[in-house]
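# Breakdown of the fold
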There are 2 protein chains.
Amino acid sequence: MTTVLKLGGSVVTEKDNPEQVDEVSLARTTDAVAGSEVERLVVVHGGGSFGHYHAATHGVTTTQGTHDSGAVADVHGAMKTLNRRVVDALLARDVPAVPVHPLSLGARDAEGDLTLPAGSVRTLLDEGFVPVLHGDLVAHRGKGTTVVSGDELVTSLAGSLDAERVGMCSTVPGVLDAEGEVIPHIGAFEDAAAALGGSDATDVTGGMAAKVRSLLSLGAPAFVFGPDGLGAFLAGEEAGTRIDGAGTDEDESADGE
Amino acid sequence: MTTVLKLGGSVVTEKDNPEQVDEVSLARTTDAVAGSEVERLVVVHGGGSFGHYHAATHGVTTTQGTHDSGAVADVHGAMKTLNRRVVDALLARDVPAVPVHPLSLGARDAEGDLTLPAGSVRTLLDEGFVPVLHGDLVAHRGKGTTVVSGDELVTSLAGSLDAERVGMCSTVPGVLDAEGEVIPHIGAFEDAAAALGGSDATDVTGGMAAKVRSLLSLGAPAFVFGPDGLGAFLAGEEAGTRIDGAGTDEDESADGE
């Protein structure tokens, strides 16, 4: 069984300081991965103060592109620096991490649809490695390059790898209701619509409402949790908010392979 | 029309000094690229004293693999350092270079056959960028990771991108005959068999005989030349040794698209 784990940019970086790793949080997070017995793990991390800072400087988003190779070097270079730090932290804990850079791998067509071939990641998994991807730029037909968010990579990989569990580790303990309490289970968007009424997007890659809609469309249960829930998630237990849409209904499981 | 240019490891590095860029040669080579008007250019560079040194240290070749993530970090990390230098030299000359890392992109099956999806490179080309790939490691089913040489990447890309010209820039001025003179044209292996009788392989990725056999199998004319021939090649002229096998016979051109 394959697990896809997203580490939010706010978990691995200090969001308010450009290009600052959150050393304490990165150590704690990678300790949890190293201490687990999870097999076939793919890690995707966000951009935090590395990617978002440079993307904002150059005015590039998931839909606003750039043909400026200097801007590509800045944004992609910063994300590779952060990726190196995450990979090195995992390697230092004997997790066999290998970097995988989305700009090398994927591309968007003129409609913005992402193609992310799965062969390299699947073969790395089969050979016992832990591929570590990250929010990045990708080539985009007609727009040069645009941002691909960690969340979009998770959705793509969960599908192409037939992942059985998806974890979204951010700095909030789950999807919160109007009273600020964690909603334990979301099976349809209506379950959380009141709390998610408005988009609370504060970065270029969307907020919780978009995240919930996207996770509901997966063919696997997804969990949204904070750093405190990471150990439980990796142990195969419930953590934070469990999100499973129609794709994971038991009466549809016969369609899967 | 798409051109694939290989810059040999001996052109961009000092082969005898681990992790030393040949600054003079790199400057001269990237000046030639910047000064040309070639469109749709893909650059592939070899490993030279970056990749070969670490590959040899860890005993990894195109067929001997490693599952050691520390070895992967060493070899791949050294190649990314070299790639960064080549990309930066091109960017400094206003060539819109973008790095593409084969470990992120490709994989080998159990037979060692390489799959290198072309979508990212093709979209980057369509958007006016110059993708810059490099010899690297790739995931290899059953073997962990193995070396992929620059020459193998050139062969794969020339096919998948329908390249119309392939250039192999190394430190020799062409394929040499027994007297040390450049053979101007090779249309079949027999044309050069006497001179290539033995393999003169001195690195992990094969010598000239293997290179000629591989280039004869392409669907495009390939040129083998030294740094002095780079300007002429990029200007669309003849340079060094021209190699074109059955795939580029005029009476077969009707098969192409």
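The structure we're discussing is the one just above.
Summarised in this report is the structure supplied together with it. Every chain begins its residue count from 1, and numbering advances along the sequence as written. Chains carry letters from A onward and ligands carry numbers from 1 onward, assigned in written order. Local features in this predicted model are restricted to residues whose pLDDT is 70 or higher, and side-chain atom pairs enter the listing and the counts only when it is 80 or higher, whereas totals over whole chains, interfaces and linings include all residues. Hydrogen atoms and water are omitted, and side-chain values are computed over all heavy atoms in the structure.

### A short note on the pairing of strand β7 (residues 136-140) of chain A
Residues and elements named next belong to chain A. Here is the rule: Only protein chains enter the calculation, and the probe is 1.4 Å; a residue is then buried if its accessible area is under 20% of its type maximum, exposed if over 50%, and partly exposed in between. A run of DSSP states H or I qualifies as a helix once it reaches four residues; a run of E qualifies as a strand once it reaches two. Both are numbered from the N-terminal end. Criterion used throughout: strands pair if DSSP finds at least two bridges between them.
Counting buried residues along β7, five of its five residues qualify, which places the element largely inside the surrounding structure. Pairing of β7 with strand β8 (residues 144-148), which is carried by five bridges, proceeds in the antiparallel orientation. Each residue of the ladder has a partner; that of D136, found in β8, is V148. Between β7 and β8, which pair antiparallel one after the other, the connecting turn spans three residues, and G142 there sits at a positive phi close to 90°.

### Remarks on the interface of chain A and chain B
Which entries qualify depends on this criterion: For this analysis, residues touch if any pair of their heavy atoms sits within 4.5 Å. Using a 1.4 Å probe, buried area is obtained as the accessible area two parts lose upon being combined, added over both of them. Basic side-chain nitrogens of Lys or Arg form a salt bridge, by our definition, when they fall within 4 Å of a carboxyl oxygen of Asp or Glu. Polar contact is the term for a pair of N or O atoms within 3.5 Å; when the atoms are in protein, one must be able to donate a hydrogen and the other to accept it, and sequence-neighboring residues count only if both atoms are side-chain atoms. When residues are grouped by polarity, Ala, Val, Leu, Ile, Met, Phe, Trp, Tyr, Cys and Pro land in nonpolar, Asp, Glu, Lys and Arg in charged, and all others, Gly among them, in polar.
Counting residues at the interface gives 38 residues for chain A, matched by 38 residues for chain B. Interface area for chain A against chain B, summed over the two sides, is near 2700 Å², with a carbon-plus-sulfur share of 61%. At the boundary of chain A and chain B, one finds two salt bridges. For the pair chain A and chain B, the interface holds 16 residue pairs in polar contact (both at pLDDT 80 or more). Secondary-structure elements contributing two or more residues to the side of chain A that touches chain B are α4 (69-91), β3 (97-99), α5 (102-105), β4 (107-108), α6 (119-126), β7 and β8 of chain A. Considered class by class, the residues forming the side of chain A that touches chain B number 16 nonpolar, 15 polar and seven charged.

### Details of the pattern of salt bridges
Residue and element names in this part refer to chain A. This structure, assessed with the given rule, holds 22 salt bridges over all chains. The partner of D31 in a salt bridge is R93, and the shortest N-O contact between them spans 2.6 Å. Highlighted residues: D31 in helix α2 (residues 23-35) and R93 in the loop between α4 and β3, separated in sequence by 62 residues. Looking at D31, the relative accessible area reads 43%, which means it is partly exposed. Overall, the relative accessible area of 26% leaves R93 in the partly exposed class.

### A closer look at α6(A)
Among the residues of α6(A), S120(A), V121(A), T123(A), L124(A) and L125(A) are the ones counted as buried. A positive backbone phi angle near 95° is found at G128(A), which sits one or two residues after α6(A).

### Re a nonpolar patch on the surface
Residue and element names in this part refer to chain B. Note the cut-off: Surface patches are drawn from residues lacking salt bridges whose relative accessible area is over 30%; two like charges belong together within 9 Å, two nonpolar side chains (Val, Leu, Ile, Met, Phe, Trp, Tyr) within 5 Å. Note on areas: Shrake-Rupley, 1.4 Å probe, and residue coverage restricted to the protein chains presented here.
Together, V172, L176 and V182 line one region of the surface with nonpolar side chains, adding up to about 170 Å² of accessible area. Counting through the fold element by element, V172 comes out in the loop between β9 (165-169) and β10 (185-186). A residue is classified by how much of its surface remains accessible, and V172, at 30% relative accessible area, is partly exposed.

### A closer look at the relation of the copies chain A and chain B
For clarity, the threshold we go by: To line up the copies, we fit them by least squares on C-alpha atoms, keeping just the residues with pLDDT of at least 70 in both.
Once turned by 180° and shifted 0.0 Å along the axis, chain A lies on chain B with an RMSD of 0.0 Å. Seen this way, the second copy is the image of the first under a two-fold rotation axis. Rotation axis and chain A: the residue whose C-alpha lies nearest the axis is L105(A), separated from it by 2.4 Å. With an isologous cut-off of 70% or more, the 97% of interface residues of chain A that recur at the interface of chain B puts this contact in the isologous class.

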